[in-house]
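# Notes for the structure review
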Amino acid sequence: MLNAMRENAGSWIIKVLLGIIVVAFIFMGAGSFNARRASQVAKVNGDVITINAYQQAYYNVLENLRAQFGNSLNDDMIKMLNVKQQALDGLIDTTLLRQAAEKNGLIVPDSELAESIAQIPAFQKNGMFDKQRYKILLAQNRLTPESFEAMQKDAVLMARLRSLITNNAKVSDSESMEWYNWENTAIDINYVIFKPEAYKDVEITDQMLEAYYNDHKEEYKTEPMVQARYVKFDPESYKAEANVTADEIQQYYTENENEFMLPETVSARHILFKVAENADEKTVEVARLKAVDVMEKAKSGEDFAELAKTYSEGPSKDNGGQLGEFKREDMVKPFADAAFAMAVGAISEPVKTQFGWHIIKVEAHNPASTMSLEAATPKIKEEMTDRKTKNLAYDAALSLYDVTFDGEEFVKNAKDRGLALVTTDFFTMKEGPKDIQDAPAFSGTAFKLPLMELSDITEIGDSYYLIQVTSQEPEKIPEFDAVRDKVAEDTRKAQQKTMAEEAAKKFLEKAKADGSMAAAAEGDASIKIQSTGEINRNTSTIPEIGNDKKFMAAAFNLTKNNPLPETIVQGETGLYVIELKGRKLPLAVGFNVAKSNIESRMLSRKKSELYNSWLANLRATSEITISKDLINN
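Quick caveat, the model's predicted, so the values are computed rather than measured.

### Section: the overall build of the protein chain
Of regular secondary structure, the protein chain possesses 23 helices and 20 strands. At 34 Å, the protein chain has a C-alpha radius of gyration far larger than the 26 Å of a compact globule built from 633 residues. Taking the principal axes of its C-alpha atoms as reference, the protein chain extends roughly 90 × 85 × 60 Å. Buried positions account for 37% of the 633 residues belonging to the protein chain. Surface exposure of the protein chain reaches about 37,000 Å², of which carbon and sulfur atoms provide 50%. Across the protein chain, the centroid of the 76 positively charged side chains sits 4 Å from that of the 96 negatively charged ones.

Right, here's the structure in full:
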């Protein structure tokens, strides 16, 4: 099966090849890449980690981060997240785990490896392993079948080893009960909020403004800005040149026949009688009898759509139970099995699914077929036209790029070809220029360019661009007068916060001295004591406060013996003085309901801690050397 998976999976598009080279250059430098390609980056107990493995690991980490952060991922974030170290640590851990698996006699037979790959949903189509999908996805992720199978083999081995290591992890009833009490104990908190904006009587002098400005100059630093000019190559502009012939359409149709296969479908209506999955037998039977009664009405000739509007409990009720056309895999198995086995016009007996009882009426049954060339032609023509216009736009960009060797030639060459050269206003990395479909992508390219250097052909949105930065403004701290109004606003807010902090601290000290917040507030109309009501650690939002994690953390640190905090709470939503009003343990009867879930979470946590501790010890007792070239790079 592995050989079958590998079949024809080695074709690589130019972009992928270039991507691999780019990743290699990041680490090794252009001049030394070929000479050092086979060199090692680290040794783990004598086993070598090669630069090739390191480049692939780095790429994998980078792609995961791109999926998470999108266009906001930049060079600074990559450095901050220490991507190189993440990649190296992952390889070292994998090597250590592989060695440990071998030491413990763990192996993965080819048959098991093939089965594990076939079970990966990403490689499946209609629930079955799809060889074409497999090779496309591998190519898109810069993987050969051999390298992916090695990775998957490691993954299966790691899972087996992890299971071996964590198999003895247990959770006792007392631990579960302790967690249950910790998580569900309810507290009621009295609090007084001191809002800085409530302190209006703030005096601000010129000396205070200048002092604040001098202490916070970095906060007023402007962002770097650039100005650029560009030529946009929009595929839409080349549509008149993108002629698609009948022979090309025929060839596409022949070479991509799977694309035009139409699956078997059914059009149907249904009437649903809802039943909870965990319902008892009596409830299930009562619902079934209701379904039988309505089924008999339908079979006796009453209008099925009207019956659905009257009796159905499903979302399609108002539409007469209409489900439209659907494929077998669109429906849960019992429903699909029944619907696809029925004749057109037939009404089913009640069918049980996880949602309840269904009565089904099939209105059309369309067997699997292949779309004719005539029917497929508009779709093929549209797709091939889009492809050709993109190629023409790219070729036009390449033609200009190939004859432009310095910055000044860009203007002349664009003009000679009758191309529109657009100059932007100054823009920041974050905002990008106006009137660009994907401004962050444009600014991401522009900010990497040296002054007057022409960019590579860059795809942004639906178009290709050649970009040249013509002017740069570095970040700078503006003169005081330029930001005076902002400084005045910030100074006022700082003074208001200081006044609120002083008032809160004073009230907290008085509450401690008087024994309670109520005693401290007596006779002071400006103090308003509020209550959270009962909250526990699962409470997501507190009325009037919201989701303030700092408030919650301080509140749950209060005890009967220490109902007041040591200091005021600098919450995310304000400044607080808080006091424990009451604490209540959860009902013991609830533990039986929550026990299974708690044990599952605690066991997962214990296994993770046990595994991480074992791995850390394995690292500490292993001989690991890292290439000086990598450390210094």
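And the narrative resumes.
### Observations regarding the pattern of salt bridges
A side chain with one charge may pair with a side chain of the opposite charge, provided their charged atoms come close. This model, assessed by the stated rule, comprises 31 salt bridges. Taking the shortest distance from any N to any O, the salt bridge between D173 and K595 comes out at 3.1 Å. One end of the pair, D173, is in helix α10 (residues 173-184); the other, K595, is in helix α22 (residues 589-620), with 422 residues separating them in the sequence.

### Focus on the packing of aromatic side chains
Tallied over the full model, the rule gives 23 aromatic pairs. Ring geometry for F123 and F148: centres 5.4 Å apart, planes at 85°, overall edge-to-face. Note that F123 is positioned in the loop between α7 (110-118) and β3 (124-125) and F148 in helix α9 (residues 145-166), a separation of 25 residues in sequence. Residues F123 and F148 agree in their burial class; the two are buried. Between the aromatic rings of F427 and F442, the centroid separation amounts to 6.0 Å while the plane-to-plane angle is 65°, which identifies the pairing as edge-to-face. In this pair, F427 is assigned in strand β14 (residues 427-428) and F442 in helix α18 (residues 439-446), connecting sequence segments 15 residues apart.

### Side note on the packing of α7 against α9
Packing of α7 against α9 leaves a shortest axis separation of 10 Å and a crossing angle of 100°. Considering their axes alone, α7 and α9 lie roughly perpendicular with respect to each other. Taking contact as the criterion, the partners of E112, L113, S116 and I117 in α7 are, on α9, F148, E149, Q152, K153, V156 and R160. Taken together, the residues of the contact of α7 with α9 sort by class into four nonpolar, two polar and four charged.

### Some thoughts on the sheet that holds strand β17 (residues 530-535)
Strand order in the open sheet formed by four strands is β17-β5-β19-β18, and the pairing between neighbours is antiparallel. With one partner strand each, in any of the chains shown, β17 and β18 (569-570) form the two edges of the open sheet. One ladder, built from nine bridges, connects strand β5 (residues 186-194) with strand β19 (residues 575-584); its direction is antiparallel. Bridge pairing links F194 to L575 in β19.

### What to know about the sheet that holds strand β8 (residues 265-274)
One open sheet holds the four strands; their spatial order is β9-β8-β11-β10, and the pairing between them is antiparallel. If you trace the sheet from one side to the other, it starts and ends with β9 (322-327) and β10 (351-353), each paired once. Here the strands of the sheet are splayed against their neighbours by 45° on average, with no regard to which way each runs. Of the strand pairs in this sheet, β10 and strand β11 (residues 356-366) are connected by three bridges, and their pairing is antiparallel. Bridge assignment links V351 to a residue of β11, and that residue is H358. Strands in contact with helix α14 (residues 304-311) are β8 and β11; relative to β8, the strand with the most contacts, it is inclined by about 35°.

### Remarks on helix α11 (residues 206-215)
Taken together, the buried positions of α11 are occupied by L209, Y212 and Y213. The buried residues of α11 all sit within an arc of 100° when viewed along its axis, so they share a single face. Structural note: α11 exposes Q207 and D215 on the side pointing more than 90 degrees away from its buried face. Those residues of α11 hidden inside the fold are in contact with α19 (484-514).

Rules behind the numbers
Residues numbered from 1 in each chain as written. Predicted model: local features only at pLDDT ≥ 70, side-chain atom pairs only at ≥ 80, totals over all residues. Heavy atoms only, no water. Helix = DSSP H or I, 4+ residues; strand = E, 2+ residues; numbered from the N terminus. Rg over C-alpha atoms; globule rule 2.2 N^0.38 Å. Buried < 20%, exposed > 50% of the residue type's maximum accessible area, 1.4 Å probe, protein only. Areas by Shrake-Rupley, 256 points an atom, 1.4 Å probe, with all protein chains shown as cover. Lys, Arg positive; Asp, Glu negative; His and termini not counted. Charge placed at Lys NZ, Arg CZ, Asp CG, Glu CD. Salt bridge = Lys/Arg side-chain N within 4 Å of Asp/Glu carboxyl O. Phe/Tyr/Trp six-rings, centres within 6.5 Å; stacked < 30°, edge-to-face > 60°. Axes fitted to C-alpha atoms, helices over the stretch in contact; angles between N-to-C directions. Parallel < 35°, antiparallel > 145°, perpendicular 65-115°, else oblique. Contact = heavy atoms within 4.5 Å. Nonpolar A, V, L, I, M, F, W, Y, C, P; charged D, E, K, R; others polar. Pairing = 2+ DSSP bridges. Arc of directions from axis to C-beta.

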